[in-house]
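So you can see what is in the structure, the chains are spelled out below.
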Amino acid sequence: MSAQHSGQFRGRFEIKVDPKFRLTLPVPFREVLSSRSHCPMIITNSQYQGKRCLDVYPLHEWKKLENRVAKLPQLKVEVQNFQRFYLSGGHPVEADAQGRVLIPPILRSYANIQTDIVLVGFASKFEIWALEVWKGLFENLAQDFNQTLAVISEMGLDDEP
């Protein structure tokens, strides 16, 4: 199955945000979204290792996440925190005819999105990073990769399917 018809976001793409703070989705991401007719997306605030980024889900994937969260114990503080931080940050957006998506101002500010960004595919979602933040994070990930690979190998990644 080809990447564009797999329904999954793959790859990393360095792109520029235009003066109106729109990002143009790379063709492989557009193809994932166009495999579903009229596919709105949800952008929300996120972070990894204390570094701020944005997560972008096709609406159908976001609804799956909301349904899973709804089944969690609603009185647990951690569930409430997740809902307040992650779910409440979700803003619906749609790509225009040219494949451009407007990043909502509150999320732009949160992730310090200026001009240069990186889109990082994660199968059912993708992340948006300010380029300089991503470069530092990626360098740290590269330095730790042998240790990460050893742990992943212990989990069975090297097993035959």
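Residues numbered from 1 in each chain as written. Predicted model: local features only at pLDDT ≥ 70, side-chain atom pairs only at ≥ 80, totals over all residues. Heavy atoms only, no water.

*Asks:* Is there a simple way to think about the pattern of salt bridges in this case?
*Replies:* Any two side chains of opposite charge can pair, so long as their charged atoms come close to each other. Here the structure, examined in full by the defined rule, presents six salt bridges. A salt bridge links Arg-22 to Asp-18, with the nearest nitrogen and oxygen atoms 2.7 Å apart. On the accessibility criterion, Arg-22 (18% relative accessible area) is buried. (Salt bridge = Lys/Arg side-chain N within 4 Å of Asp/Glu carboxyl O. Buried < 20%, exposed > 50% of the residue type's maximum accessible area, 1.4 Å probe, protein only.)

*Asks:* Just checking my understanding: could you explain the nonpolar core for this structure?
*Replies:* Side chains of nonpolar character tend, in soluble globular proteins, to be buried together. Ranked by size, the top nonpolar core spans 24 residues in total, and within it Leu-23, Leu-54, Leu-119 and Ile-128 carry the most contacts. For this core, the secondary-structure elements that each account for two or more residues are helix 1 (27-34), strand 3 (41-48), strand 4 (51-58), helix 4 (105-110), strand 7 (116-122) and strand 8 (125-130). Ignoring any residue separated from it by four or fewer positions in sequence, one finds Leu-119 in contact with Gly-11, Arg-12, Phe-13, Ile-15, Leu-23, Leu-25, Pro-26, Phe-29, Phe-126, Glu-127 and Ile-128. In this structure, Ile-42, Tyr-57, Val-79 and Tyr-86 belong to the second largest nonpolar core, which totals eight residues. (Core = buried A, V, L, I, M, F, W, Y, C linked by side-chain atoms within 4.5 Å. Helix = DSSP H or I, 4+ residues; strand = E, 2+ residues; numbered from the N terminus. Contact = heavy atoms within 4.5 Å.)

*Asks:* Before we go on, may I ask you to explain the packing of helix 2 (residues 59-70) against helix 3 (residues 77-87) in this structure?
*Replies:* Packed helices, taken two at a time, are described by the angle between their axes plus the distance between the axes. Where helix 2 meets helix 3, the closest approach of the two axes is 11 Å, and the angle between their N-to-C directions is 160°. With respect to each other, helix 2 and helix 3 are oriented roughly antiparallel. Crossing handedness for the pair helix 2 and helix 3: left-handed. Only Val-79, Phe-82, Gln-83, Tyr-86 and Leu-87 of helix 3 make contact with helix 2, whose side of the interface consists of Trp-62, Leu-65, Glu-66 and Val-69. For the contact of helix 2 with helix 3, the class distribution of residues is seven nonpolar, one polar and one charged. (Axes fitted to C-alpha atoms, helices over the stretch in contact; angles between N-to-C directions. Parallel < 35°, antiparallel > 145°, perpendicular 65-115°, else oblique. Left-handed = near helix turned anticlockwise from the far one by under 90°. Nonpolar A, V, L, I, M, F, W, Y, C, P; charged D, E, K, R; others polar.)

Structural measurements only, silent on function.
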